[in-house]
Amino acid sequence: MNDGKKSFTSTRMKLAAIFAVIAAFFIVIRLLPTEWPLFPADDSEFLANRYLRDGKCEAGYAIYEMNAARKKSSVTYLTLGDMKYRGDCGGQDLPGAIEAYRKAAQMGNCSANFYLAEVAIKHPAAPGVEHAPPENNLFASAICSNPLTDAELTDFYLNGGNLGRNVDILENNYLSTLRRRHEFNDSPYDLKLRTVENIRDGIGYDANPYPYKRAWLLRPVK
């Protein structure tokens with residue numbers, strides 16, 4: 001009889017242990033992430049996107065900002081500016097978009113100056129921001145993109161190549177910019193050099209080093 005009782009007790013203990021393991025499994029599984037990858041790295045775009053989706057804007061943008069600085073991410077300062085301009089998390093952030101676009105311009109991105117001009121024209125009273133003259137930034141974007149023809153630039157910026165987001169207000173401004181670019185191309189070398197130095201140094205422009213790096217192409221052929 002004692003052996004039977006011991007066997008019954010042992011069976012009950014085993015069953016209880018199995019049920020405890022099953023219960024613990026379901027408790028733990030509910031605590032685990034449900035999206036792949038389960039444990040993204042601290043600087044992962046997966047984690048950044050989850051933060052933005054969950055309304056944790058500062059944390060999500062901080063990851064993108066860090067990776068853009070490292071040039072480690074598919075999200076650059078230009079796309080980060082677009083995200084903040086669109087209001088992908090927490091509504092439109094004009095100062096944040098401008099800051100990101102300026103960093104993109106400082107890294108030589110031609111489109112960044114164009115976007116800065118757009119924001120200045122559409123939102124002249126952006127809080128806490130002093131805009132560079134938009135006509136100057138439009139001009140900087142045009143000579144930064146000097147290898148492109150007028151038609152190619154117009155198509156990219158105004159006719160849908162760039163999502164057509166600027167057509168409504170910038171068309172007349174851009175036509176003036178193209179005329180100014182032709183005048184620049186016909187000007188003496190010394191004047192060209194001073195202009196691109198001003199763009200590089202942010203004197204009247206949001207700084208962009210790319211036109212200056214290409215300044216040797218402006219030298220007259222002897």
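For the structure, check the block above.
Residues numbered from 1 in each chain as written. Predicted model: local features only at pLDDT ≥ 70, side-chain atom pairs only at ≥ 80, totals over all residues. Heavy atoms only, no water.

J.: Mind laying out the state of the cysteines, listing which residues take part and the relevant values?
T.: Applying the stated rule across the entire model yields two disulfides. With a sulfur-sulfur separation of 2.1 Å, Cys 57 is cross-linked through a disulfide to Cys 89. What sets the handedness of the Cys 57 and Cys 89 disulfide is the S-S torsion sign, and at about -85° it is left-handed. Placement of Cys 57 in helix H3 (residues 57-70) and of Cys 89 in the loop between helix H4 (77-86) and helix H5 (94-106) is noted, with a sequence separation of 32 residues between them. For the residue pair Cys 57 and Cys 89, the accessibility class agrees, reading buried in each case. Between the sulfur of Cys 110 and that of Cys 144 lies a disulfide, 2.1 Å long from S to S. Across the S-S bond linking Cys 110 and Cys 144, the dihedral sits near -70°, which makes this disulfide left-handed. In this pair, Cys 110 is assigned in helix H6 (residues 110-122) and Cys 144 in helix H7 (residues 134-144), connecting sequence segments 34 residues apart. Take Cys 110: its relative accessible area is 16%, and that puts it in the buried class. On the basis of relative accessibility, which here comes to 2%, the residue Cys 144 falls in the buried class. Here the chain pairs its bonded cysteines, counted in sequence order, in the arrangement 1-2, 3-4. (Disulfide = S-S within 2.5 Å. Helix = DSSP H or I, 4+ residues; strand = E, 2+ residues; numbered from the N terminus. Buried < 20%, exposed > 50% of the residue type's maximum accessible area, 1.4 Å probe, protein only.)

J.: Residue-level account of the packing of H6 against H7, with values.
T.: Close contact between H6 and H7 brings their axes to 8 Å; oriented N to C, the two are set at 160°. As summarised for this structure, H6 and H7 are arranged roughly antiparallel, according to the angle between their axes. The handedness of the crossing between H6 and H7 is left-handed. Of H7, the residues touching H6 (which contributes Cys 110, Asn 113, Phe 114, Leu 116, Ala 117, Ala 120 and Ile 121) are Pro 134, Asn 137, Leu 138, Ala 140, Ser 141 and Cys 144. (Axes fitted to C-alpha atoms, helices over the stretch in contact; angles between N-to-C directions. Parallel < 35°, antiparallel > 145°, perpendicular 65-115°, else oblique. Left-handed = near helix turned anticlockwise from the far one by under 90°. Contact = heavy atoms within 4.5 Å.)

J.: Any details on the nonpolar core? Residues and values, ideally.
T.: Judged by nonpolar contacts, the single largest core of 40 residues is most densely connected at Tyr 61, Tyr 64, Leu 80, Tyr 101, Phe 114, Tyr 157 and Tyr 174. Contributing elements (two or more residues each) for this core: helix H2 (45-53), H3, H4, H5, H6, H7, helix H8 (150-158) and helix H9 (167-185). Setting aside its immediate chain neighbours within four residues, Leu 80 contacts Tyr 61, Tyr 64, Glu 65, Val 75 and Ala 100. Counting nine residues, the second-largest nonpolar core is a separate cluster that includes Phe 139, Val 196, Tyr 205 and Ala 215. (Core = buried A, V, L, I, M, F, W, Y, C linked by side-chain atoms within 4.5 Å.)

J.: Just give me the short version of H7, but keep the residues and values in it.
T.: Note on helix geometry: an α-helix contains 3.6 residues per turn, so any two residues three or four positions apart are oriented the same way. By the criterion of burial, H7 is predominantly enclosed, with nine of the 11 residues buried. Among the residues making up H7, those that are buried are Asn 136, Asn 137, Leu 138, Phe 139, Ala 140, Ser 141, Ala 142, Ile 143 and Cys 144.

J.: Describe helix H10 (residues 189-201), naming the residues involved and giving the relevant values.
T.: In a regular helix each residue adds 1.5 Å, so 13 residues correspond to 18 Å; H10 covers 18 Å between its end C-alpha atoms and thus fits that length. One or two steps after H10, the chain reaches Gly 202, where phi turns positive at roughly 70°. (Expected span 1.5 Å × (residues − 1).)

J.: I'd like to hear about the environment of Val 75, residue by residue, with values.
T.: Positionally, Val 75 belongs in the loop between H3 and H4. The contacts of Val 75, once residues within four sequence positions are left out, are Glu 45, Tyr 64, Ala 68, Leu 80 and Met 83.

J.: Quick rundown of the packing of aromatic side chains? Include the residues and the values.
T.: All told, the structure shown has seven aromatic pairs when counted by the stated rule. Pairing Tyr 101 with Tyr 115 gives two aromatic rings, centres 5.2 Å apart and planes at 50°, and the pair type is tilted. With Tyr 101 in helix H5 and Tyr 115 in helix H6, the pair connects residues that are 14 residues apart, well separated along the chain. Using a relative accessible area of 0% as the deciding quantity, one classes Tyr 101 as buried. For Tyr 115, a relative accessible area of 4% puts it in the buried group. When the ring centre of Tyr 61 is taken as origin, the NZ or CZ atom of Lys 84, which lies over that ring, is 4.9 Å away. Across from the ring centre of Tyr 212, 4.1 Å away, lies the NZ or CZ of Arg 200, which sits over that ring. (Phe/Tyr/Trp six-rings, centres within 6.5 Å; stacked < 30°, edge-to-face > 60°. Lys NZ or Arg CZ within 6 Å of the ring centre and 35° of its normal.)

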